[in-house]
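# Summary of structural features
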Amino acid sequence: MFDFVRRRNWFYLLSLLVLVPGIISLIIPPSLKPGIEFTGGTTFTVRFAQSVHQDALRTALSDLGHSEAIVQRTGENKFLVRTRELEGAAAAPEVGPAPPSERDTIEADLQQRFGDFLDNEGKVSNRFIDFYIVSGTVSEEIGRNAGFAVIAASVAILLYISWAFRAVPKPFLYGTAAVLALLHDAVLVLGAFSIFGKVFDIEINTMFLTGLLTVMGFSVHDTIVVFDRIRENLRRIEGIDFAECVNVSLNQTLARSVNTSFTVVLVLVAMLLMGGVTIRDFLLVLLIGIISGTYSSIFVASQLLVTWEEGDMQRFFRRFLPWRRRPAPVETEG
Amino acid sequence: MRGWFNRTLLGFIVILTVLSVVTVWPSEPNRYLPSFIPWPEGKGIKFPWVRFEGGAILGQMRNPRAMRLGLDLRGGTRLVLEADTSQAPDVDVDKALEAASRIIERRVNAFGVAESEIQRQGSDRLAVQLPGIDPDEAAKLVGRTAVLEFREPKRDDSGNILTCEGGTVTYNPPGCEGGQEVGVPAQSITAQAEESIIWVPAQAVGSDGLQKDLTGRFLKPNTFVSGHPTTGLPILNFEMTSEGAPLLEQVTTRIESLPMAFFLDGEPIRGKDNTIIAPIVRAVISDKGIIEGLPVDDARLLSIQLNAGALPVPLKVIQQEEVDATLGEDSVQKSVIAGEMALLIVMAFMTLYYRLPGVLASMALFVYTSIVLAIFKVWPVTLTLAGIAAFVLSVGMAVDANILIFERMKEELRLGRSLVASIEAGFSRAWSSIRDSNVSTLITCAILYWFGDQFGASLVKGFAFTLAIGVLVSMFSAIMVTRTFLRLTIGTPLARRLGWWVVDLAEVRGVAAVTPATGMPPQSTSGGEE
């Protein structure tokens, strides 16, 4: 039987080491690279029949009054362009034909300069491949609602676990530990994407948020399985030491935790390798989050229970904050 | 008794699975199989029985490609519209949007867009999905505000109502295409003949001396339906603005005892039975009036539309997405194939690791997959890329339930229990963790759904909904299906080969000898402090 519990402080240290680079990256602005869903703006993909240089396209857009345009090459003569919110792209007057929109103007001009567009299958076309507009007012709300969603999810999970574990002493502790593990995973994913944003220009969008919330759900799912075992062992084995009970439970659920995560990771890797590019970032969130979720259920959530029960915190404070030493309780001294 | 129960359950599972597979099977399976699996072209299941009359549920399955795909998989435009109340701050946004969504729906249907979706979103928004339409067309369809007009029948000099005979009536501009305008005395207009009336805009001279069309602009947006004080029949009450009252007075004086119709966006408002709503003007009306003789449903509908038509809330496009159809098709095939491969890998892993129970779990996984896909198709759930991801994730959770049970079973076997006792204990002990963990996932789903609903990410909403269905069915599959399979195996020779149940029998028995069946004795040294 592997002794998970005794090495708990080393596990915390490991978590910290993994979390710190992400946290540092989150502190250095821009912490995350927001996609247009968050900033508002327009993106479109254009593919040319003839060879076009990225700089030429940038110049052309600049001539059209879009010096803010960010041009990214995504394939053979294929570019992803991001501009400020294009005005009038969809507004139609109450009567009469719609005037050419900014989009029409750009399309016409680019075709004049660089020749025909191609659609996704390589046929000649006169339209962009895709086109998205998000107005700034929406994006503000998305950010706010995402924050609400995370807090609401955490509180709901905290309450549910406290209720589900109402038969054991200190049910609230289990909820708190599960939520802390969940935040551990959320911060890890955020940190990872903060670094990805800086290094690989990966932007975050609503799918990223969906992934993040799913990871939170999965993290709790994993933690509950371990906690359920602790709950059962506490009931079945009378007079068992709490730390011992946690350790036994961890060993008993280890095969399950590893196997489940392994199957899910298998599925995700298969999707990542074979699925389309569209959900690549989303799958990446899930992959990182689920590995972290499994780790945190064993090495964070369960260990936090022990840390609390063994009074590690008090000891820690007594050792490093001498002024807290005065009350000097008579309980367990090392 | 038990055996009978389990066999019935097995029968039920088999029937459910077969039904699901038949429902889900695509018409062109070769499109969704990896290229190394040869499949004869076009050997899909078509639905012969749908040709029979009746059967509304079966009718759902008529379209062989009925798996409803989201825009990201099919291509098209999605718009989010916001009610612009800056011009009219005292507007009842809720009612106005209700009516606006009807108006848009009618325009979109008139345009012939299949499977469009119009949804309310938050308090002041509409999300409109228009498959296969580019955004300019979409904006034209949706972006304009509705115009309500009052129209009167076109008449000849002798006062007869002109109807269109042998041709089709046109409304914009009013006329008769390919037929003859024939005057009919107002008294002899029948319900059928109403369809052929040529309706022209009702005009009157305003206080400024100008000729004006009588439109919703002159109607107060406060029409309501009530019961007639004596007859109890529904009546629609309406009120004109001060500018509109003299106009209506002129019009009703002119067309007393003639019918009047209401047009929205150039189309007549029709009742539930699809006839044009055209009440007869019985008196001269100026500021206030009632419309009698309408069925209650029609009266309500007309009231909503009159209020909205009179209340043109400008809708502003605040979000727009356009996806190329070919891009979608590519994503579908790739995702489906990736999903299939993932499923096979999981099945292989389960079989290798858990042996016979693993094989049974793989069968249960097959049952699970077909049931979930059948639900998606029949419901129908709009499947997006995120939805596919959610489905694949729920496969992971379905497997997790089985892993939990099997690990528990192995433990019980190690404690020296019999196979039957171990199976039952495996299920009953694992249940609480399966329940609690899945409930927490369902809570997350509910919050995600709300989150998606609030800011109109139908993608997120679809994901949450799909995941929730997956989690619910996975609980059924893990508990009912796998358990039934396992129980039915017990009576067979398969149950005697313990090696097929646990990887290494000797090791298992060895462990069982060391660990007493009572549980974990306090023999360890690790719990104490250093």
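This is a predicted model, so every value here is computed, not measured.

### Section: the sheet that holds strand E13 (residues 234–239) of chain B
All names here are of chain B. In spatial order, the strands read E12-E13-E16; together these three strands make up an open sheet with antiparallel pairing. Unpaired on one side and paired on the other, strand E12 (224–227) and strand E16 (288–292) mark the two borders of the sheet. Strand-to-strand twist of the sheet, defined as the mean angle between neighbouring strand axes without regard to direction, takes the value 35 degrees. Alignment of E12 against E13, held across four bridges, turns out to be antiparallel. By the bridge assignment for E13, Phe224 is matched with Asn237.

### So, the packing of helix H7 (residues 206–236) of chain A against helix H9 (residues 280–309) of chain A
All names here are of chain A. The N-to-C vectors of H7 and H9 enclose an angle of 30 degrees; their axes lie 8 Å apart at closest approach. The angle between H7 and H9 falls in the class roughly parallel. H7 and H9 meet at a crossing whose hand is right-handed.

### Points about the confidence of the model for chain B
Residue and element names in this part refer to chain B. For chain B, per-residue confidence averages 74 on the pLDDT scale, and 73% of positions sit at 70 or higher. Below a pLDDT of 50 lies the segment residues 41–65, which in the model reaches 27 contacts outside its immediate sequence neighbourhood of four places, other chains included. This stretch, residues 508–530, has a pLDDT under 50; its non-local contacts, to residues over four places away or in other chains, come to 31 contacts. Under the prediction, the complex receives an ipTM of 0.73, its pTM being 0.66.

### Quick look at helix H6 (residues 171–200) of chain A
Over its 30 residues, H6 of chain A runs 43 Å from end to end, which matches the ideal 44 Å to within 8%, given 1.5 Å per residue. One or two positions beyond H6 of chain A, positive phi appears at Asp201 of chain A, with a value near 65 degrees.

### Quick notes on the nonpolar core
Core analysis: the largest hydrophobic core is formed by 128 residues, its most contacted members being Ala178 and Val189 of chain A together with Ala389 of chain B. If you tally residues by element for this core, the top one is helix H10 (residues 385–414) of chain B, at 19 residues. If we skip the residues at most four places from it in the chain, Ala178 of chain A touches Ile157, Ile161, Val220, Thr223, Phe227 and Ala301 of chain A. The next biggest cluster of nonpolar side chains, apart from the first, holds 31 residues, and it includes Leu214, Phe218, Leu248 and Ala261 of chain B.

### Things to note about the environment of Phe427 of chain B
Residues and elements named next belong to chain B. Along the chain, Phe427 falls in helix H11 (residues 419–455). Counting along the chain gives 52 residues from Phe427 to Ile479, while the straight-line C-alpha distance between them is 7.4 Å. Beyond its immediate stretch of four places on either side in the chain, Phe427 contacts Ile405, Ile479 and Arg483.

### What to know about the confidence of the model for chain A
Residues and elements named next belong to chain A. Averaged over all residues, the pLDDT of chain A equals 80, while 86% of them reach at least 70. At the level of individual helices and strands, chain A shows its lowest average pLDDT in helix H2 (residues 36–39), which scores 70, and its highest in H6, which scores 91. Long-range and interchain partners of residues 88–98, a stretch whose pLDDT sits below 50, account for 26 contacts in this model, where long-range means more than four residues apart.

Thresholds applied
In this convention, every chain numbers its residues from 1, walking through the sequence in written order. The naming scheme follows written order: chains are lettered A onward, ligands numbered 1 onward. Residues qualify for local features only when their pLDDT is at least 70, as the model is predicted, and side-chain atom pairs are given and counted only at 80 or more; totals for whole chains, interfaces and linings, by contrast, use all residues. Being paired, for any two strands, means DSSP has found at least two bridges between them. Only DSSP runs of H or I reaching four residues or more are called helices, and only runs of E reaching two or more are called strands; each is numbered from the N terminus. With axes taken as lines fitted to C-alpha atoms, and helix axes fitted only over the stretch in contact, angles between N-to-C directions fall between 0 and 180 degrees. Roughly parallel means an angle under 35 degrees; roughly antiparallel means over 145; roughly perpendicular covers 65 to 115; every other angle is labelled oblique. In this scheme the handedness of a crossing depends on how the near helix is turned from the far one: anticlockwise by less than a right angle means left-handed, clockwise means right-handed. Each residue carries a pLDDT score, the predictor's confidence in it, ranging from 0 to 100. What counts as a contact is two residues whose backbone-derived C-beta atoms lie within 7 Å of each other. Expected helix span is computed as 1.5 Å times (number of residues minus one). Each nonpolar core consists of buried Ala, Val, Leu, Ile, Met, Phe, Trp, Tyr and Cys residues. Their C-beta atoms, within 7 Å, join them into a set. Residue burial here comes from a neighbour count, namely the number of other C-beta atoms, placed from the backbone, that lie within 10 Å of the residue's own C-beta, with 20 or more meaning buried, 12 or fewer meaning exposed, and in between meaning partly exposed.

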